[in-house]
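# Topology and contacts: notes
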Amino acid sequence: MGRLLLLKCFRKDIANLPENRYNKICENENKERQKMKIIMLGAPGAGKGTQAKMIAEQYKIPHVSTGDIFRANIKNGTELGKEAKQYMDQGLLVPDELTVKILLDRVAQDDCRGGYVLDGFPRTIPQAEVLDSALEKLGEKIDYAVDVDVPDENIVKRMSGRRACLKCGATYHIEHIPPKQEGVCDSCGSELVLRDDDRPETVQNRLKVYHDQTQPLIAYYTEKGILRTVDGTMDMQDVFRAITDILG
Ligand code: AP5
Ligand code: MG
Ligand code: ZN
C-alpha cells in the first residue's frame, strides 16, 4: 500500500480521538516525515559544493550555500552583495550577524521544512551555536556533519582550475570536471567564470581563515557524535559513494 494511502487510513482512524491525543499522533507523524539535515564541512575547494549538489538531488532536499547566496547578491548589485564582497574578495569571512540572519531566513522557507544540506555554513563556532539553538526551539537537530577532507597542497590547484556558474551555482573544473562546451554551464547555459576569490593569493588567505575559524567545528561536531569524515581526494563519484554509505 502506498505511503500516502497508509497515512490517510491512519488519519481516518484517529479522526474521533480527543484533541490532545490527535495532536500527539500528528506530531509524531510529522517527525517521521522529516528528511535529513546535513552540514558539509571542509576547506575551501574541498568539494563541499560539488557533493552538496549531488546529495540534494539524491535525497530530494534543497542545497543551501551561503557562498552562492552572497554571489547571487553580488551579481544582482544588492546592498547585501556590496557588503559581502568587501570581505569575500580578501578571503575573509562575512560577519556572523549578517550571515546568520541570511541563513536562518533561508532555512525558514517552505522548501526547507523537510530537511536540507548546508554548504559553507556554519563556518564559526558562534554560527554553529546559533543554528543549534534555532533548531532546538523547533525540536529539531542536525543529523550529520560531513567533513570532506582534502590537504592544503591539493586545494590551490583545484581552485585555479575551477569555473563557476554565477547563475545556478554549478561548478566545474577545467581538467577534472569540464563542461560539455568550454565556458558554458551545462545546467543553465550561462557563462562560466573564474571566481574573484579563486586567485592564488586569496586562496591562501581563505585557507588560513579556514584553519583558524572553521576547523574548530570538527571538534564541536565530534563532541555531538554526528561528525563523519570522508577522503575528499578521491574521484568525485567515490567521494559521493562514501557519503551515501554514511547517510544511508
Ligand atoms: P564559499 O562559496 O562557501 O567558498 P569556500 O568554502 O571557500 O568553498 P568553495 O566553494 O571555494 O569550495 P567547495 O568546497 O564548495 O568546492 P567545490 O565543490 O567548488 O564561500 C565563499 C566566501 O563567502 C567565503 O570566503 C566567505 O567570505 C563568504 N562566506 C560564505 N559562507 C560564509 C559563512 N557561513 N560565514 C562567513 N562568511 C561566509 O570544488 C572545488 C573545485 O574542485 C571545483 O573546480 C570542482 O569541480 C573540483 N572538485 C570537486 N571535487 C573534486 C574531486 N573529488 N576531485 C577533483 N576535483 C574536484
Ligand atoms: Mg562551494
Ligand atoms: Zn548554470
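About the thresholds
Residues numbered from 1 in each chain as written. Chains lettered and ligands numbered in written order. Predicted model: local features only at pLDDT ≥ 70, side-chain atom pairs only at ≥ 80, totals over all residues. Helix = DSSP H or I, 4+ residues; strand = E, 2+ residues; numbered from the N terminus. Buried ≥ 20, exposed ≤ 12 C-beta atoms within 10 Å, placed from the backbone. Pairing = 2+ DSSP bridges. Axes fitted to C-alpha atoms, helices over the stretch in contact; angles between N-to-C directions. Contact = placed C-beta atoms within 7 Å. Near = placed C-beta within 6 Å. Expected span 1.5 Å × (residues − 1). Arc of directions from axis to C-beta. Core = buried A, V, L, I, M, F, W, Y, C linked by C-beta atoms within 7 Å.

### Quick look at unusual backbone geometry
- Put simply, Phe121 and Pro122 share a cis peptide bond, and its omega is -5°.
- One can find Pro122 in the loop between strand E3 (116-119) and helix H7 (125-137).
- In this model, Lys60 sits at a positive phi of 55°, which is unusual for a non-glycine residue.
- You can see Lys60 is positioned in the loop between helix H3 (48-59) and strand E2 (63-65).
- A residue is classified by how many C-beta atoms lie within 10 Å of it, and Lys60, with 9 of them, is exposed.

### Re the sheet that holds E3
- The 5 strands lie next to each other as E2-E3-E1-E4-E8, forming an open sheet whose pairing is parallel. The open sheet terminates on both sides in strands that have one partner only, identified here as E2 and strand E8 (227-231). The average undirected angle you get between the axes of adjacent strands in this sheet is 25°.
- With 4 bridges joining them, strand E1 (residues 37-41) and strand E4 (residues 144-149) adopt parallel strand pairing. Note on E4: the bridge partner recorded for Ile39 is Ala145.
- Contacting E1, E4 and E8, helix H10 (residues 216-223) crosses the sheet at an angle of about 125° to E8.

### Some words on the environment of Ala43
- Positionally, Ala43 belongs in the loop between E1 and H3.
- On the basis of neighbour count, Ala43 is assigned to the buried category, with 24 C-beta atoms found within 10 Å.
- In contact with Ala43, not counting residues within four places along its chain, are Val150, Asp152, Ile155, Leu207 and Tyr210.

### Description of the pairing of E1
- Burial analysis of E1 places 5 of its 5 residues in the buried class, the great majority of the element.
- As judged from the 4 bridges shared by E1 and E3, these two strands associate in the parallel manner. Bridging across to E3, Lys37 finds its partner in Tyr116.

### Points about the site of ligand 1
- For ligand 1, the set of nearby residues contains 35 residues, the closest of which are Pro44, Gly49, Gly67, Gly120 and Arg162.
- Elements with a minimum of two residues in the shell around ligand 1: H3, helix H4 (66-75), helix H5 (79-88), helix H8 (152-161), strand E6 (171-173) and helix H11 (236-247).

### Regarding H7
- For H7, which comprises 13 residues, the first-to-last C-alpha distance of 19 Å matches the rise-based estimate of 18 Å (1.5 Å per residue) to within 8%.
- By the burial criterion, the buried members of H7 are Gln127, Ala128 and Leu131. Buried residues of H7 fall within an arc of 100° about the axis and therefore sit on the same side. More than 90 degrees from the buried face of H7, the exposed residues found are Ser133, Glu136 and Lys137.
- Its buried side turned inward, H7 meets helix H6 (96-107) and H10.
- After H7 finishes, the residue Gly139 shows a positive phi value of roughly 70°.

### Points about the nonpolar core
- Residues Ile38, Met40, Val117, Leu118, Val146 and Val148 are the most contacted members of the largest nonpolar core, which totals 32 residues.
- Leaving out residues up to four positions away in the same chain, Ile38 has contacts with Ile55, Val117, Leu118, Asp143, Tyr144 and Val146.

### Details of H11
- Its 12 residues place the ends of H11 16 Å apart at the C-alpha level, agreeing with the 16 Å of an ideal helix rising 1.5 Å per residue.
- Backbone geometry just downstream of H11 places Gly248 in the positive-phi region, at approximately 85°.

What is shown is where atoms sit, not what they do.
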